[in-house]
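Residue-level structure breakdown
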Amino acid sequence: MEFNDVIHGHRSIREYEDREVRQELLDQILDAGIRASSSGNMQSYSIVVTKDKELKKKLYTAHMEQSMVVDAPILLTFCADFNRMRKWLSLKDAPVHFDNFVSFMIGTIDATLAAQNCALAAENAGLGVCYMGSTLANCDQVGELLNLPPNVVPVVGYSLGYPAEKPAQRDRLPKRGIVHYDQYRDYSDKEILEIYKERDEKGWKRYMDIPKLKEMIERLGLKNLAQIYTIAKYTKESHHEFSQTVLNYLEMQNFMNNE
């Protein structure tokens, strides 16, 4: 495929064909991930490939019972990982640290860059992916199931396989609402409404076209997309809970030595 076609053709795929991904193709996808940019060339990430059906059934709960977890032939989990490097430092008689929050963020960025390289390579080969925020939100459950040692945290994950659907593409905010030149220029109320106009219309229609979501919206008395996001989908309470889960897991995985 042409590169621009890959970039602009992205869709989140939740339904997959009952078809295996050849190991040769999977290796090409993983090789693309490994070539991603990395802070200091430390490559402070690891990739866990999950094919085992029984393990995917267990991960189904950790991933909030999303169907693609068990339907897709492969799950890829990208982890911030300083376990490997800390072992190397110890063997080379070098100071062993990288156990603080900034180190976690470095690993997270490295893992995310690798994840997107893999996703682009997969889509270029005709496969589909669906990113799952539950990888980080329930990092403690995912980490336990994947047997992650200290200094390793799952941060990005997605299903991978041959698409059995071609959903409509989702809208994106206009470039004028995202790109700033030289310095950040804050938005007026009028600009905010203009930037989100298409999102408000298309997003609302998308939710209202799905009967069970329409029923929920009407039951909760929601009037617009912003209310859907903050009252039904991403509540303050749920984000506080997930935040505490992540912070607790970072402490357990030895990434919070900040003094």
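Quick look at the structure, then. (Residues numbered from 1 in each chain as written. Predicted model: local features only at pLDDT ≥ 70, side-chain atom pairs only at ≥ 80, totals over all residues. Heavy atoms only, no water.)

Section: the overall build of the protein
Summing up its helical and strand segments, the protein has 13 helices and 4 strands in all. The globule rule puts the C-alpha radius of gyration for 259 residues at 18 Å, and the 20 Å found for the protein is close to it. Each of the three principal axes of the protein carries a C-alpha extent, and together these read 60 × 45 × 40 Å. A total of 259 residues make up the protein; the buried ones form 37% of that total. The contacts in the protein between residues at least 6 apart in sequence include a share of 76% that link residues at least 24 apart. Counting every atom, the protein has about 15,800 Å² of accessible surface; 52% of that belongs to carbon and sulfur. Once the 32 positive and 37 negative side-chain charges of the protein are each reduced to a mean point, those two points are 4 Å apart. (Helix = DSSP H or I, 4+ residues; strand = E, 2+ residues; numbered from the N terminus. Rg over C-alpha atoms; globule rule 2.2 N^0.38 Å. Buried < 20%, exposed > 50% of the residue type's maximum accessible area, 1.4 Å probe, protein only. Contact = heavy atoms within 4.5 Å. Areas by Shrake-Rupley, 256 points an atom, 1.4 Å probe, with all protein chains shown as cover. Lys, Arg positive; Asp, Glu negative; His and termini not counted. Charge placed at Lys NZ, Arg CZ, Asp CG, Glu CD.)

Re the state of the cysteines
Linking two cysteines covalently through their sulfur atoms gives a disulfide. Within the structure shown, the criterion is met by 0 disulfides. Unpaired in this structure, cysteine 118 has its nearest cysteine sulfur neighbour in cysteine 79, at a distance of 12 Å. Given a relative accessible area of 1%, cysteine 118 falls into the buried group. With no disulfide of its own, cysteine 130 lies closest to cysteine 118 among cysteine sulfurs, the gap being 16 Å. (Disulfide = S-S within 2.5 Å.)

Looking at the sheet that holds strand E3 (residues 128–131)
Spatially, 4 strands are ordered E1-E2-E4-E3 in an open sheet, and the strand pairing comes out antiparallel. Each of the sheet's edge strands pairs with one partner strand only, and the pair in question is strand E1 (45–50) and E3. On average, each strand axis in the sheet is inclined to that of its neighbour by 25 degrees, with strand direction left out of account. Alignment of E1 against strand E2 (residues 74–81), held across 6 bridges, turns out to be antiparallel. Within E2, the position partnered with isoleucine 47 by the bridge is phenylalanine 78. Here helix H2 (residues 23–34) sits on the sheet in contact with E1, E2 and strand E4 (152–161), set at roughly 165 degrees to E1. Seen against the sheet, helix H6 (residues 101–124) touches E1, E2, E3 and E4 and runs at an angle of roughly 10 degrees to E4. (Pairing = 2+ DSSP bridges. Axes fitted to C-alpha atoms, helices over the stretch in contact; angles between N-to-C directions.)

Re the side chain of threonine 235
Residue placement: threonine 235 occurs in the loop between helix H12 (225–233) and helix H13 (236–252). A relative accessible area of 17% places threonine 235 in the buried class. Contacts of threonine 235, omitting those with residues within four sequence positions, involve Tyr229 and Thr230.

Points about the pattern of salt bridges
Counted according to the given criterion, the structure contains 10 salt bridges. Between aspartate 81 and arginine 84 there is a salt bridge; the shortest N-O distance is 3.6 Å. As a salt-bridge pair, lysine 205 and aspartate 209 come within 2.7 Å of each other at their nearest N and O atoms. Residue classification places lysine 205 among the exposed positions, given a relative accessible area of 51%. (Salt bridge = Lys/Arg side-chain N within 4 Å of Asp/Glu carboxyl O.)

A closer look at the packing of helix H10 (residues 197–208) against helix H11 (residues 211–220)
Orientation of H10 relative to H11, taken along the N-to-C sense of each, is 105 degrees, at an axis distance of 6 Å. It follows from the interaxial angle that H10 and H11 lie roughly perpendicular. Counted together, Trp204, Tyr207 and Met208 of H10 and Leu213, Lys214, Ile217 and Glu218 of H11 form the full contact between these two elements. A per-class count over the contact of H10 with H11 returns 5 nonpolar, no polar and 2 charged. (Parallel < 35°, antiparallel > 145°, perpendicular 65-115°, else oblique. Nonpolar A, V, L, I, M, F, W, Y, C, P; charged D, E, K, R; others polar.)

Observations regarding the side chain of asparagine 138
With respect to the element layout, asparagine 138 can be found in the loop between helix H7 (134–137) and helix H8 (139–145). You can call asparagine 138 buried: its relative accessible area is 10%. With residues up to four places along the chain from it excluded, the contact list for asparagine 138 reads Ala62, Met64 and Phe242.

Some words on the environment of lysine 233
As for its placement among the helices and strands, lysine 233 is situated in helix H12. Once residues lying within four places of it in the same chain are set aside, the contact partners of lysine 233 are Tyr207 and Ile228. Separated by 2.9 Å, the side chains of lysine 233 and tyrosine 207 make a polar contact. (Polar contact = N/O pair within 3.5 Å; in protein donor to acceptor, adjacent residues only side chain to side chain.)

A look at the environment of valine 96
Tracing the backbone shows valine 96 in the loop between helix H5 (83–91) and H6. Valine 96 gets classed as partly exposed once you look at its relative accessible area, which sits at 38%. With 10 residues separating them along the chain, valine 96 and arginine 86 place their C-alpha atoms 5.8 Å apart. When residues no more than four places from it in sequence are discounted, the contact partners of valine 96 are Arg86, Leu89 and Ser90.

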